[in-house]
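Residue-level structural notes
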Amino acid sequence: MQSFRTPGPTTNPYIHLLDRALAATEGVEHLRFDRRRAILGRYDVLQLHWPETLLGGSTPARAAARRAFALLLRLRLARSRIAVVRTVHNVQPHEALPRWQQRHLDWIERRTDLRIVLNDRTPVPAGSATALIPHGHYRDWFARAAPREPEPGTLGFVGLVRPYKGVEQLLDAFATTASIAPHLRLRVAGSPADAAVEREVRDRAARDPRVVLDLRHLSEAEFADTVLQCAGLVLPYRSMHNSGAVLAALSLGRPVLVPRNGITEALAAEVGPGWVEVFDAPLDGAHLEAFAEVAARRPSTPPDLTAREWDGAGAAHRSAFDRAIAIRRRSRA
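Residues numbered from 1 in each chain as written. Predicted model: local features only at pLDDT ≥ 70, side-chain atom pairs only at ≥ 80, totals over all residues. Heavy atoms only, no water.

**Describing helix α9 (residues 262-271)**
All of the buried residues in α9 are I263, T264, L267 and V271. Projected down its long axis, α9 carries its buried residues within an arc of 95°, all on one side. Lining the buried residues of α9 we find α8 (244-251), β9 (256-259) and β10 (276-279). The N-cap of α9, judged by a side-chain oxygen 2.9 Å from the amide nitrogen of I263 a few residues on, is N261. Downstream of α9 by a residue or two, G272 has a phi angle that is positive, lying close to 110°. (Buried < 20%, exposed > 50% of the residue type's maximum accessible area, 1.4 Å probe, protein only. Helix = DSSP H or I, 4+ residues; strand = E, 2+ residues; numbered from the N terminus. Arc of directions from axis to C-beta. Contact = heavy atoms within 4.5 Å. Polar contact = N/O pair within 3.5 Å; in protein donor to acceptor, adjacent residues only side chain to side chain.)

**Some remarks on the sheet that holds strand β2 (residues 83-88)**
Strand order in the open sheet formed by 4 strands is β1-β2-β3-β4, and the pairing between neighbours is parallel. Among the strands making up the open sheet, the edge pair consists of β1 (45-48) and β4 (130-132). The mean inter-strand angle of the sheet, taken between neighbouring strand axes irrespective of direction, is 20°. (Pairing = 2+ DSSP bridges. Axes fitted to C-alpha atoms, helices over the stretch in contact; angles between N-to-C directions.)

**Looking at the packing of helix α5 (residues 167-175) against helix α6 (residues 195-205)**
With their axes 10 Å apart at the nearest point, α5 and α6 run at an angle of 5° to one another. In terms of their interaxial angle, α5 and α6 are classed as roughly parallel. Contact residues: V167, E168, L171 and D172 in α5; V197, E200, V201, R204 and A205 in α6. Each residue belonging to the contact of α5 with α6 can be placed in one class, and the counts come to 5 nonpolar, no polar and 4 charged. (Parallel < 35°, antiparallel > 145°, perpendicular 65-115°, else oblique. Nonpolar A, V, L, I, M, F, W, Y, C, P; charged D, E, K, R; others polar.)

**Thoughts on helix α4 (residues 99-111)**
With 13 residues, α4 extends 18 Å between its outermost C-alpha atoms, agreeing within 8% with the 18 Å of an ideal straight helix rising 1.5 Å per residue. For α4, every residue scored as buried is listed here: W100, Q101, H104, L105, W107, I108 and R111. Within α4, the buried residues cover an arc of 155° as seen down the axis, which keeps them to one side. Summarising the geometry of α4, the exposed residues directed more than 90 degrees from the buried face are R99 and R110. Buried residues belonging to α4 abut β1, α3 (60-78), β2 and α11 (313-332). (Expected span 1.5 Å × (residues − 1).)

**Here we look at the pattern of salt bridges**
Evaluation of the coordinates by the stated rule reveals 18 salt bridges. Across the pair E151 and R187 runs a salt bridge whose closest N-O atoms are separated by 3.4 Å. Placement of E151 in the loop between β4 and β5 (154-158) and of R187 in strand β6 (residues 185-189) is noted, with a sequence separation of 36 residues between them. Residue classification places E151 among the partly exposed positions, given a relative accessible area of 27%. The class of R187 is buried, set by a relative accessible area of 17%. Where E198 meets R202, a salt bridge forms, and the shortest distance between an N and an O atom there is 2.9 Å. You can see E198 and its partner R202 sitting in helix α6, 4 residues apart, about one turn around the helix. R202 gets classed as partly exposed once you look at its relative accessible area, which sits at 39%. Residues joined by salt bridges that share partners form a network here, namely R86, E109 and R115. (Salt bridge = Lys/Arg side-chain N within 4 Å of Asp/Glu carboxyl O.)

**Focus: the sheet that holds strand β8 (residues 232-234)**
Ordered by their spatial adjacency, 6 strands build an open sheet running β7-β6-β5-β8-β9-β10, and the pairing between neighbours is parallel. Here the strands that pair on one side only, and so sit at the sheet edges, are β7 (211-214) and β10. For this sheet the average axis-to-axis angle between neighbouring strands, irrespective of direction, equals 25°. In this structure, β6 lies alongside β7, joined through 4 bridges in parallel fashion. Its bridge partner lying in β7, V188 is registered against L213.

**So, the packing of aromatic side chains**
In this structure the tally under the stated criterion is 5 aromatic pairs. Seen from the ring of F69, R35 lies directly overhead, with NZ or CZ sitting 4.6 Å from the centre. (Phe/Tyr/Trp six-rings, centres within 6.5 Å; stacked < 30°, edge-to-face > 60°. Lys NZ or Arg CZ within 6 Å of the ring centre and 35° of its normal.)

Here you go:
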């Protein structure tokens, strides 16, 4: 059983593609998340993606109900042979959590039998069982996007606007290019995390007429069209580990500028020259001007994403589930 329900219009595309891959995999009975089944039903493996999303609530009543569910699930897992597999999308949650939620996540970490990592630089507890299944590309997901030429000199940020993604710093850095590169444009599109983030972004953008904002949830078609309007995407995350936005941009044939670390340098080497440019923080106007020049000379060959095909993802997950079941049974014995 997965920790996600039936994917909908606002669901992360990674979940849509994984859902399809697992449903098509022989030897796997693919169950989507159901609270009653989680507590009372029969299943061999529980796969968690972002476990913190199962805990919060938009109202006090919902938060209390989710806390009660978390306690019941913990009791079920503590007394059963159900294997727990966790896909490590992030090293840690991007936002601070209430103490009880953090304690629950700490318990889940201890109870996890196997971790699926999306890159070989993900830190895991010593002695942990792991399976490397790289984050798949989005070429098939965006196959129906209408091709278009980018708007010259236009850089972009597209995706959820959250504090850790550094959009405010991007706007500050872009403002410094007004005198040296007045021809540049910056497009920022996506839904803000909250009113405070939206206010910060709007206040900064109002100072520069070269900035275009579209602060709302984007459909997949709108997301793709916005990316394609840009010559390149700038994603100055304060902490970048696994980024679906990077792979979305590459899948749509647009280069990216990202912070330098071991993971982004490895991705740059994997996909080929000219597609993943890195910068040493903090981001400044010189980084943006240099990237705009690189993005204008888009490589003639597409990025190499052959290591990220979805064809084998279902079978790789099935193997990980089998290993986790064996580990759990040995530990119970």
